[in-house]
Amino acid sequence: MSFIPIRSLLRAGPAALATLAVAPLALAQSPPIKPGLWEVKAERESNGQKSAMTSERMQKLPPETRARIDAMMKERGVGMGPGGVNRLCLSKASLDRGAWQRQSGCKTDYGWRTGSSWKWHSVCPQFESESDGEAVFPNAETYAVKVTTTTKLHGETRTSHMTMNAKWLGGDCGDLKPFEPGR
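Bear in mind that the values here come from a model prediction, so they are computed numbers and not experimental data.

Chemist: I'd like a description of the overall build of the protein, backed by residues and values.
Modeler: Looking only at helices and strands, the protein features five helices and nine strands. Each helix and strand of the protein, placed in order from N terminus to C terminus, yields the pattern α-α-β-β-α-α-β-β-α-β-β-β-β-β. Looking at the protein as a whole, 42% of its 183 residues are labelled buried. Total accessible area on the protein is roughly 9,200 Å²; 52% of this is exposed by carbon and sulfur atoms.

Following this line, the structure appears as structure tokens:
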């Protein structure tokens, strides 16, 4: 499993956000959460400034471009929403096989995995980044993730903090397909 660094998230936008929202959950064992439709709210702090993980760039795009990106994300299992809140369809099969873990070139070591908490450290040389994260599963219908990422960009070291809070909305994903980042 590898973790998607903030640097690539900023370049890739909403697609990376969706991946990041569940990336820490991908392991050989399935995360202790229910399959179905999830609402994930993400916030980020970088250089001391907090911001919701909305894509301000998306708002500035022409409507037809936004619609095309929204359709592409929906095809991958992500419904983009305002204010850093996105919807994600996680099927039992995608949870069991860790479908989102295919970021190559990164190495992740897990400090611990219990039924209610997982902790890890990831190194991604191609992005010159390292991340420390923890996912907490209070029950099968909620989880929270905290990640600190240090990245070198143009010779400058930057540290970002990300928090994600997810809640299960139900077993039916409607017209949203199960999350598959490579689709």
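From this point, things continue past the structure.
Chemist: Give a detailed account of the environment of Val-78, specifying residues and quantitative values.
Modeler: Within the fold, Val-78 resides in strand 3 (residues 78-80). Remark: the alpha-carbon pair of Val-78 and Phe-179, spanning 101 residues in sequence, is separated by 6.6 Å.

Chemist: Got a sec to walk through the side chain of Ser-131? Specific residues and values, please.
Modeler: Inspection of the secondary structure puts Ser-131 in strand 7 (residues 129-139). A distance of 2.9 Å separates polar atoms of two side chains, one belonging to Ser-131 and the other to Thr-149.

Chemist: Could you give an account of the pattern of salt bridges, naming the residues involved and the relevant values?
Modeler: A side chain of one charge can pair with a side chain of the opposite charge when the charged atoms of the two come close. By the definition in use, this model includes seven salt bridges. The partner of Lys-74 in a salt bridge is Asp-175, with the nearest N and O atoms 2.6 Å apart. Placement of the pair is Lys-74 in helix 4 (residues 63-75) and Asp-175 in the segment after strand 9 (156-170), with a sequence separation of 101 residues. Judged by relative accessible area, which is 33%, Lys-74 ranks as partly exposed.

Chemist: Give a detailed account of unusual backbone geometry, specifying residues and quantitative values.
Modeler: Despite not being glycine, Glu-128 shows a phi value in the positive range, around 50°. Mapped onto the elements of the fold, Glu-128 is located in the loop between strand 6 (117-124) and strand 7. For His-154, which is not glycine, the phi dihedral falls at a positive 55°. Mapped onto the elements of the fold, His-154 is located in the loop between strand 8 (142-153) and strand 9.

Here is what the cut-offs are and how they apply
Residues numbered from 1 in each chain as written. Predicted model: local features only at pLDDT ≥ 70, side-chain atom pairs only at ≥ 80, totals over all residues. Heavy atoms only, no water. Helix = DSSP H or I, 4+ residues; strand = E, 2+ residues; numbered from the N terminus. Buried < 20%, exposed > 50% of the residue type's maximum accessible area, 1.4 Å probe, protein only. Areas by Shrake-Rupley, 256 points an atom, 1.4 Å probe, with all protein chains shown as cover. Polar contact = N/O pair within 3.5 Å; in protein donor to acceptor, adjacent residues only side chain to side chain. Salt bridge = Lys/Arg side-chain N within 4 Å of Asp/Glu carboxyl O.

Everything listed here is a matter of geometry and, on its own, says nothing about what the molecule does.
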